[in-house]
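The primary structure of each chain is shown beneath.
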Amino acid sequence: MPKTHKSSPPKTPTTKANRARRRRLLSALRDAVKKEKAERAERHADIRQAPRAGRPRTRRPSRR
């Protein structure tokens, strides 16, 4: 015999407000992370574009 789904409880104004607040906070957090990553990428790109002082490195040093 197949099981029937339970109906969800009615949505109260409090739960609606809490969900909205959580959605807003998570969205703000995602935006902040995205902005930080963009700034970091920009900074690193700036660093790489700058010419290296001294003799150019012809071979990479060993990692060990």
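Residues numbered from 1 in each chain as written. Predicted model: local features only at pLDDT ≥ 70, side-chain atom pairs only at ≥ 80, totals over all residues. Heavy atoms only, no water.

Draft legend 1. Up close: the overall build of the chain. Within the chain one finds one helix and zero strands. Taken across its 64 residues, the chain has 0% of its residues classed as buried. Here the chain displays about 7400 Å² of accessible surface, and carbon together with sulfur accounts for 56% of that area. (Helix = DSSP H or I, 4+ residues; strand = E, 2+ residues; numbered from the N terminus. Buried < 20%, exposed > 50% of the residue type's maximum accessible area, 1.4 Å probe, protein only. Areas by Shrake-Rupley, 256 points an atom, 1.4 Å probe, with all protein chains shown as cover.)

Draft legend 2. A look at a nonpolar patch on the surface. Together, L26, L29 and V33 give the surface a local cluster of nonpolar side chains, amounting to about 270 Å² of exposed area. Here V33 is to be found in helix α1 (residues 13–49). (Patch = residues over 30% accessible without salt bridge, like charges linked within 9 Å, V, L, I, M, F, W, Y side chains within 5 Å. Salt bridge = Lys/Arg side-chain N within 4 Å of Asp/Glu carboxyl O.)

Draft legend 3. Focus on a negative patch on the surface. A cluster of acidic residues, E36, E39, E42 and D46, forms a negative patch on the protein surface. By relative accessible area, which is 55% here, E42 ends up exposed. (Lys, Arg positive; Asp, Glu negative; His and termini not counted. Charge placed at Lys NZ, Arg CZ, Asp CG, Glu CD.)

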